[in-house]
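Working through the structure, step by step
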Amino acid sequence: MSVSDLFKPLTLSHGPEMRNRFMLAPLTNQQSERDGSASIFDQDWIGQLAQSDYALIQTCAATIEAGGIAFDRQLGIHSDAHLPGLTEMAASIREGGGLSAVQLHHAGHRARPELGGIPAPASSSTVPGVKALTTEQVERIRDSFIMAAKRAEQAGFDGVSVHGAFGWILSEFMSPLLNDRTDKYGGSTENRARLTVEVIEGIRRACGPDFQIGWRLSVERYGLRLEELREITADILDRELIDYLDLALWDSAQVVQEGAFQGQTMLSVFTDLPRRGVRVGAAGKIMSAQRAAQLLEEGCDFVVIGRAGILQRDFPRQVQENPLYESPELPVTAQYLRAGGLSERFIKYLQGWQTLVY
Ligand SMILES: Cc1cc2nc3c(=O)[nH]c(=O)nc-3n(C[C@H](O)[C@H](O)[C@H](O)COP(=O)(O)O)c2cc1C
């Protein structure tokens, strides 16, 4: 496969096709208003991306309940008051010719009280003094995910990306370390995956036939077990519950260090699974045209661009113009980001990532 293959369209099981193989990763930017409404800075950032030739743009993680907040100035989708800003974002992406998805997020046990968050752990032992969610509370959160997806649809988004990564609530429930429940949401692998599956199935039922559902999965830390996650993923792919799987790796070339898949790339553990009509892509240090093309070779249907998209908004266009394109090297200066059109709020957040900004 060559770089030109990245520009072939890709059909999804529901709704319009992807015009090429580039998806923008969800990127928290902490520039919304404090009530979760999209700010002019959100609109500006999305507007720049919309004109950058991505096939699909995921928004930053957006709160599905006010209590599920993890970041100051996080985008919200938990209230109809957020609809005007979200509608403007969706319209801007559509105008640029790309598909759009809101990333649906609840921080679970890591919700931040100082921001109005209410820690919502799967187990009573995770956060000192905070009891595990009751079964009814888990079902309420499930329904909030589904209501948020309906709101995304109402705002004109093509779909949602269900945030099942990085120890946030859905990932937390999957973890035998963080989930010691004895109800239907704990215990067996199937039970620990139930919240995710119910969220996805509920969204499919609640939204229209063209609505696209992505699922973002990470496979490390938080007590997650690779073998179990593979089993859960195999089932989700086999039942074609989603349109696309977005594997949130930090390095797409990463090799498994222990267990049944030791020595294999992490990516291959998932790309080797039968995927039926589901499309599979991955993020993780895709910083050049050649690396992006290589991922198609390694079994991805699409590539997910994070940091390279912050450094150079129009990564897909750069690749199209130059098959040997290489992203600028990290870290960069704040001035570089400013000159590129990022807001001061976003730059301040990025300065917290030592590997990103000097
Ligand atoms: C500044 C920043 C913000 C991020 N925000 C989110 C987020 O809101 N949701 C999420 O699932 N991942 C988030 N991530 C992870 C990225 O989506 C992506 O998976 C990761 O950066 C690896 O891809 P990359 O090497 O292309 O950057 C974030 C990463 C960065 C650097």
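Each remark here, short or long, concerns the structure printed above.
A few points on the structure. Because the structure is predicted, anything quoted here is derived from the model rather than measured.

Cut-offs applied
Residues numbered from 1 in each chain as written. Predicted model: local features only at pLDDT ≥ 70, side-chain atom pairs only at ≥ 80, totals over all residues. Helix = DSSP H or I, 4+ residues; strand = E, 2+ residues; numbered from the N terminus. Buried ≥ 20, exposed ≤ 12 C-beta atoms within 10 Å, placed from the backbone. Contact = placed C-beta atoms within 7 Å. Core = buried A, V, L, I, M, F, W, Y, C linked by C-beta atoms within 7 Å. Near = placed C-beta within 6 Å. Nonpolar A, V, L, I, M, F, W, Y, C, P; charged D, E, K, R; others polar. Arc of directions from axis to C-beta. Axes fitted to C-alpha atoms, helices over the stretch in contact; angles between N-to-C directions. Parallel < 35°, antiparallel > 145°, perpendicular 65-115°, else oblique. Left-handed = near helix turned anticlockwise from the far one by under 90°. Pairing = 2+ DSSP bridges. Right-handed = clockwise from strand over helix to strand, strands pointing away.

Helix and strand counts for the protein chain come out as 12 helices and eight strands. With the principal axes as the frame, the protein chain shows a C-alpha extent of 55 × 45 × 45 Å. Residues counted as buried form 51% of the 358 residues belonging to the protein chain. Pairs at least 24 apart in sequence give 73% of the contacts found in the protein chain among residues at least 6 apart.

To continue, consider the nonpolar core. With 111 residues, the main nonpolar core has Met 23, Leu 104, Ala 149, Ala 152, Val 160, Val 303 and Ile 305 as its most contacted residues. Element by element, the count of residues in this core is highest for helix 3 (residues 135–155), at eight residues. Discounting residues that sit within four places of it in the chain, Ala 152 has contacts with Ile 77, Leu 86, Val 102, Phe 157 and Val 160.

Another aspect to go through is the site of the ligand. Within the structure, the ligand sits among 22 residues, and Ala 25, Thr 28, Ala 61, Gly 306 and Arg 307 are positioned closest to it. Within the shell around the ligand, the residues separate by chemical class into 14 nonpolar, five polar and three charged.

Helical periodicity: at 3.6 residues per turn, an α-helix aligns residues three or four positions apart in one direction. Among the residues of helix 1 (residues 40–50), those classed as buried are Asp 42, Trp 45, Ile 46, Leu 49 and Ala 50. Taken end-on, helix 1 shows its buried residues confined to a sector of 140°, consistent with a single buried face. Packed against the buried residues of helix 1 are strand 1 (22–24), strand 2 (56–63), helix 2 (83–95) and helix 12 (344–350).

Viewed as axis vectors pointing N to C, helix 2 and helix 3 meet at an angle of 55°, and their least axial separation amounts to 8 Å. On the basis of the axis angle, helix 2 is oblique to helix 3. Seen from above, helix 2 lies across helix 3 with right-handed handedness. Here helix 2 contributes Leu 83, Leu 86, Thr 87 and Ala 90 to the contact with helix 3, which in turn contributes Arg 151, Ala 152, Gln 154 and Ala 155.

Next up on the list: the sheet that holds strand 7 (residues 279–283). With parallel pairing, the eight strands of this closed barrel are ordered in space as 1-2-3-4-5-6-7-8. Taken pair by pair, the neighbouring strands of this sheet meet at an average axis angle of 25°, ignoring direction. Bridging between strand 4 (residues 159–164) and strand 5 (residues 212–217) involves six bridges; their strand directions are parallel. Paired with Val 162 across the bridge in strand 5 is Trp 215.

Turning our eyes to something else, we now look at the pairing of strand 8 (residues 302–305). Side chains Phe 302 and Val 304 project from strand 8 onto one buried face, and the interleaved Val 303 and Ile 305 project onto a second face that is buried too. Pairing analysis gives two bridges linking strand 7 to strand 8, with the strands arranged parallel. Opposite Gly 281, over in strand 8, you have Phe 302 as the bridge partner. Taking the sense of rotation as the criterion, the β-α-β connection linking strand 7, helix 8 (residues 289–297) and strand 8 turns out right-handed.

Extensive coverage of strand 6 (residues 244–248) is indicated by the burial of five of its five residues. Neither face of strand 6 is left uncovered, since the one carrying Tyr 244, Asp 246 and Ala 248 and the one carrying Leu 245 and Leu 247 both have all their residues buried. When strand 5 meets strand 6, the two strands line up parallel, connected through four bridges. Each residue of the ladder has a partner; that of Leu 217, found in strand 6, is Leu 247. A crossover links strand 6 with its parallel partner strand 7, the connecting element being helix 7 (residues 266–271), and its sense is right-handed.

Another aspect to go through is the environment of Asp 44. As for its placement among the helices and strands, Asp 44 is situated in helix 1. Between the alpha carbons of Asp 44 and Leu 342 there is a distance of 8.6 Å; along the sequence they are 298 residues apart.

The subject of this paragraph is unusual backbone geometry. Look at the link from Leu 330 to Pro 331: it is a cis peptide, with omega at -10°. With respect to the helices, strands and loops of the structure, Pro 331 is situated in the loop between helix 10 (315–321) and helix 11 (334–339). We note that Tyr 222 has phi near 55°; this positive angle belongs to a residue other than glycine. Looking at the element boundaries, Tyr 222 is found in the loop between strand 5 and helix 6 (226–238).

So, about the packing of helix 1 against helix 2. A pair of packed helices is characterised by two quantities: the angle between their axes and the separation of those axes. Packing of helix 1 against helix 2 brings their axes to within 8 Å, and their N-to-C directions diverge by 15°. With respect to helix 2, the element helix 1 is oriented roughly parallel. Between helix 1 and helix 2 the crossing geometry is right-handed. Residue-level inspection shows Asp 42, Gln 43, Ile 46, Gly 47 and Ala 50 of helix 1 in contact with helix 2, the latter providing Gly 85, Glu 88, Met 89, Ser 92, Ile 93 and Glu 95. Residues of the contact of helix 1 with helix 2, tallied by class, amount to four nonpolar, four polar and three charged.

Time to look at the environment of Ser 327. Within the secondary structure, Ser 327 is located in the loop between helix 10 and helix 11. You can call Ser 327 buried: it has 21 C-beta atoms within 10 Å. Considering only alpha carbons, one finds Ser 327 and Met 287, 40 residues apart in sequence, at a separation of 5.1 Å. The residues touching Ser 327, leaving out its near neighbours within four places in the chain, are Met 287, Ser 288, Ala 308, Leu 311 and Gln 312.

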